[in-house]
Amino acid sequence: MTTTLKSRLQGDLTAAIKARDELRSSTLRLTITAITKEEVAGESARELSDAEVEKIVAREAKKRREAAEAFEKGGRAAQAEREKAEGEVLAEYLPKPLTDDELNALVAEAVREAAAGGAEGPRAMGAVMKIVNPKIAGRAEGGRVAAAVKRQLAGG
């Protein structure tokens, strides 16, 4: 039994190959390979849950973003564009990212929760992150979340 997200990726790969969409097919092929590697890593092969598959897709998308930035800094615009395009393909399989307002609302709620548990001020960072991370679940990058938490704990 395959996970629904993994089977969707595989179905889309087949469609992309038939449509001769090189960008989409190579991006999906690399991502499915990363998923398969994860499935056979460890003691025994296993099926990954949709949440686990989503984490791999998010990790692959992040790699593309970072590579695009590196290529831009290196003056290699064509490669940067390719990495960005691959990242956009992968973004279709991820939950919609949180807006700044949505992120700030979730962080504010987590800060209140942590304060109710006795954690306040800058030292509450860990407690707040522990509360907020499961609620965000891949819809915002860690650095962005940490920055929002720091801002709110500092009273901003």
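Residues numbered from 1 in each chain as written. Predicted model: local features only at pLDDT ≥ 70, side-chain atom pairs only at ≥ 80, totals over all residues. Heavy atoms only, no water.

Where an unreviewed UniProt entry is consulted, the protein appears under the name GatB/YqeY domain-containing protein, with the organism given as Streptomyces rapamycinicus.

1. Quick notes on the side chain of Thr27
As a reminder, the rule being used: What counts as a helix is a DSSP run of H or I of at least four residues, what counts as a strand is a run of E of at least two, and both are numbered from the N terminus. By definition, residues are in contact when any of their heavy atoms lie within 4.5 Å.
Inspection of the secondary structure puts Thr27 in helix α2 (residues 22-40). Ignoring sequence-local partners within four residues, the contact set of Thr27 consists of Arg64, Glu86, Val89 and Leu90.

2. Focus: the pattern of salt bridges
Note the following rule: Whenever Lys or Arg places a side-chain nitrogen within 4 Å of a carboxyl oxygen from Asp or Glu, that contact is recorded as a salt bridge. Relative accessibility decides the category of a residue: with a 1.4 Å probe and only protein chains considered, values under 20% of the type maximum give buried, values over 50% give exposed, and everything between is partly exposed.
The tally for this structure, following the rule as stated, stands at 16 salt bridges. Between Lys63 and Glu60 there is a salt bridge whose closest N-O contact spans 3.1 Å. Within this pair, Lys63 and its partner Glu60 are both found in helix α3 (residues 50-73), separated by three residues, close to a single helical turn. Exposure remark for Lys63: the relative accessible area of 45% places this residue in the partly exposed category. Here Glu60 falls in the buried class, since its relative accessible area comes to 6%. Close ionic contact of Arg64 with Glu86 constitutes a salt bridge, the shortest N to O distance being 2.6 Å. Pair noted here: Arg64 is in helix α3 and Glu86 is in helix α4 (residues 77-91), with a separation of 22 residues, a long-range link. Like Glu86, Arg64 is buried.

3. Some remarks on the layout of surface pockets
Definition in use: Method remark: on a 1 Å grid restricted to protein atoms, a set of points is classed as a cavity if a 1.4 Å probe fits but cannot get out and as a pocket if it is open with protein on both sides within 12 Å along at least five of seven lines; lining residues have an atom within 4 Å of a point. Grid points are joined across faces, edges and corners, and a volume is the space filled by probe spheres set on the points. Residue polarity follows a fixed list, in which Ala, Val, Leu, Ile, Met, Phe, Trp, Tyr, Cys and Pro are nonpolar, Asp, Glu, Lys and Arg are charged, and the others, Gly among them, are polar. An automatic or database domain assignment provides the domain bounds reported here.
Of the voids in this model, the largest pocket is the one considered here, and its volume is about 650 Å³. Taken together, 28 residues make up the lining of the largest pocket; nearest its centre are Ala58, Arg65, Gly138, Ala140 and Glu141. Sorting the residues of the lining of the largest pocket by element identifies α3, α4, α6 (125-136) and α7 (142-153) as the ones contributing at least two each. A total of 10 residues in the lining of the largest pocket trace back to one element, the largest contributor, which is α3. Partitioned by chemical class, the residues of the lining of the largest pocket number 11 nonpolar, four polar and 13 charged. Residues lining the lining of the largest pocket come from more than one domain, with at least three contributed by each of domain 1 (4-92) and domain 2 (100-154). What lines the second largest pocket is Ala51, Glu54, Lys55, Ala58, Leu94, Pro95, Ala137 and Gly138. Considering only residue class, the lining of the second largest pocket consists of five nonpolar, one polar and two charged.

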